[in-house]
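Next come the chains, spelled out residue by residue.
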Amino acid sequence: MEKKISSAVIKRLPRYYRYLSELLDKGIDKISSQELSRRMHVTASQIRQDFNNFGGFGQQGYGYNVEVLRNEIGRILGLDKQHFVIIIGAGNLGQALANYGGFEKRGFLISGIFDSNPDKVGKTVGENTVMDMSELSSFVKGHTVDIAALTIPKSAAAGVAATLMDMGVRAFWNFAATDLNLPDNAAVENVHLAESLMSLSYNMINLSENTSEDI
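Residue numbers run consecutively from 1 along every chain, following the written order of its sequence. In keeping with the predicted nature of the model, local features appear solely for residues at pLDDT of at least 70, side-chain atom pairs appear and are counted solely at 80 or more, and the whole-chain, interface and lining totals rest on all residues. With hydrogens and water set aside, each side-chain value is computed from the structure's full complement of heavy atoms.

1. Considerations on the pattern of salt bridges
Alright, step 1. For salt bridges, the criterion is a side-chain nitrogen of Lys or Arg within 4 Å of an Asp or Glu carboxyl oxygen. Summed over the entire model, instances satisfying the criterion amount to 7 salt bridges.
Alright, step 2. We note a salt bridge from E35 to R38, for which the minimum N-O separation is 2.7 Å. Linking E35 with R38, this pair stays in helix α2 (residues 33–40), spanning 3 residues, or about one helical turn.
Alright, step 3. With a relative accessible area of 56%, R38 lands in the exposed category.
Alright, step 4. Among the salt bridges present, the one from K81 reaches D80, with a minimum N-O distance of 3.6 Å.
Alright, step 5. Among the ionic contacts, a cluster of salt bridges with common partners joins E35, R38 and R39. The helix count covers DSSP runs of H or I at least four residues long, the strand count covers runs of E at least two residues long, and both are numbered beginning at the N terminus. Accessibility here uses a 1.4 Å probe with only protein chains present; expressed as a share of the type maximum, an area under 20% marks a residue as buried, one over 50% as exposed, and anything in between as partly exposed.

2. Quick word on the layout of surface pockets
Alright, step 1. Think of a 1 Å grid over just the protein atoms. A cavity is a set of points where a 1.4 Å probe fits yet cannot get out, a pocket is an open set with protein on both sides within 12 Å along at least five of seven lines, and lining residues have an atom within 4 Å of a point. Grid points are joined across faces, edges and corners, and a volume is the space filled by probe spheres set on the points. The computed volume of the largest pocket comes to approximately 1300 Å³.
Alright, step 2. As for the largest pocket, its lining consists of 29 residues, and the residues nearest its centre are I10, P14, L77, F108 and E189.
Alright, step 3. Of all the elements in the fold, those that place two or more residues in the lining of the largest pocket are α1 (7–25), β3 (83–88), β4 (108–115), β9 (171–174) and β10 (187–190).
Alright, step 4. With 6 residues, α1 is the single largest residue contributor to the lining of the largest pocket.
Alright, step 5. Of the residues assigned to the lining of the largest pocket, the class counts are 21 nonpolar, 4 polar and 4 charged. Classes in brief: Ala, Val, Leu, Ile, Met, Phe, Trp, Tyr, Cys and Pro nonpolar; Asp, Glu, Lys and Arg charged; the others, Gly included, polar.

3. Observations concerning the packing of α1 against helix α4 (residues 66–76)
Alright, step 1. Two numbers describe how α1 lies on α4: the axes approach to 9 Å, and their chain directions differ by 145°. Here α1 runs over α4; the crossing is left-handed. Along its contact with α1, which presents L13, Y16, Y17, L20, S21, L23 and L24, the element α4 presents V66, E67, L69, R70, I73, G74 and I76.
Alright, step 2. Class assignment of the residues belonging to the contact of α1 with α4 gives a composition of 10 nonpolar, 2 polar and 2 charged. To obtain an axis, a line is fitted to C-alpha atoms, over the contacting stretch when the element is a helix, and the angle between two such axes runs from 0 to 180 degrees between their N-to-C directions. Should the near helix be turned anticlockwise from the far one by less than a right angle, the crossing is left-handed, and should it be turned clockwise, the crossing is right-handed. The contact definition used throughout considers only heavy atoms, calling two residues in contact when any of these lie within 4.5 Å.

4. Some remarks on the nonpolar core
Alright, step 1. We define a nonpolar core as any set of buried Ala, Val, Leu, Ile, Met, Phe, Trp, Tyr and Cys residues linked to one another through side-chain atoms lying within 4.5 Å. Within the largest apolar cluster, 21 residues are counted, with the highest numbers of intra-cluster contacts made by I86, I88, L150, L164 and F172.
Alright, step 2. Within the residue set of this core, elements represented by two or more residues are β3, α7 (136–142), β8 (147–150) and α8 (154–166).
Alright, step 3. When residues of this core are assigned to their parent elements, the largest contribution, 5 residues, is made by α8.
Alright, step 4. Beyond its immediate stretch of four places on either side in the chain, L164 contacts I86, I88, L136, V140, A148, L150, V169 and F172.
Alright, step 5. With 19 residues, the next largest nonpolar core counts I5, Y19, I47 and I73 among its residues.

5. A closer look at the packing of α1 against α2
Geometry of a packed helix pair, given as the angle between the helix axes and the separation of the axes.
Alright, step 1. Closest axis-to-axis distance for the α1/α2 pair is 11 Å, and the angle between their directions is 105°. With respect to α2, the element α1 is oriented roughly perpendicular. Counted together, R15, Y16, Y19 and L23 of α1 and L36, R39 and M40 of α2 form the full contact between these two elements.
Alright, step 2. Across the contact of α1 with α2, the residue classes tally to 5 nonpolar, no polar and 2 charged. If an angle is under 35 degrees, it is roughly parallel; if it is over 145, roughly antiparallel; if it lies from 65 to 115, roughly perpendicular; otherwise it is oblique.

Shown next as structure tokens:
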């Protein structure tokens, strides 16, 4: 794909995919940009602009075929392929990720979970047995690992990511409380749960203030 797609557009694609999947579950097979706009609270113009980055998908006077559009967005997101994920860190968050069944439905298969704590090693989490970090190298050599989810302290995140890159892993879903700054040949999604909660706090406070002003 020659055209550079903005990060804002890319971040909206999973949301489009989710809404379109919900429409399919309801038996809706066709939708206009205006109707999708009302459901998603995104302007119809923005929706058309986003889709035009990838060729448009719609037909003038007809709208969008929901299944075709959902599948095309899924293909753009790589959901037509299976991705093998390992989790580094078997604490509460790592276990929650391993136990969540929704990932496999989207093609993300949790194939291994690792921890350095002897009390966690050997325990069953989801479909996997927690392995010791000393087994990581041999596991990566013997298995396909597309993504590493890091649910470890921030002090360890950069070192573990660098080690995994040396092993050939190139995509990181980082839940450590720090941004990973890796070379350009790595894909990183930094997830900051505390920042999300602080944003919610801000919106909650302002919602309360606006409500008080209206009374």
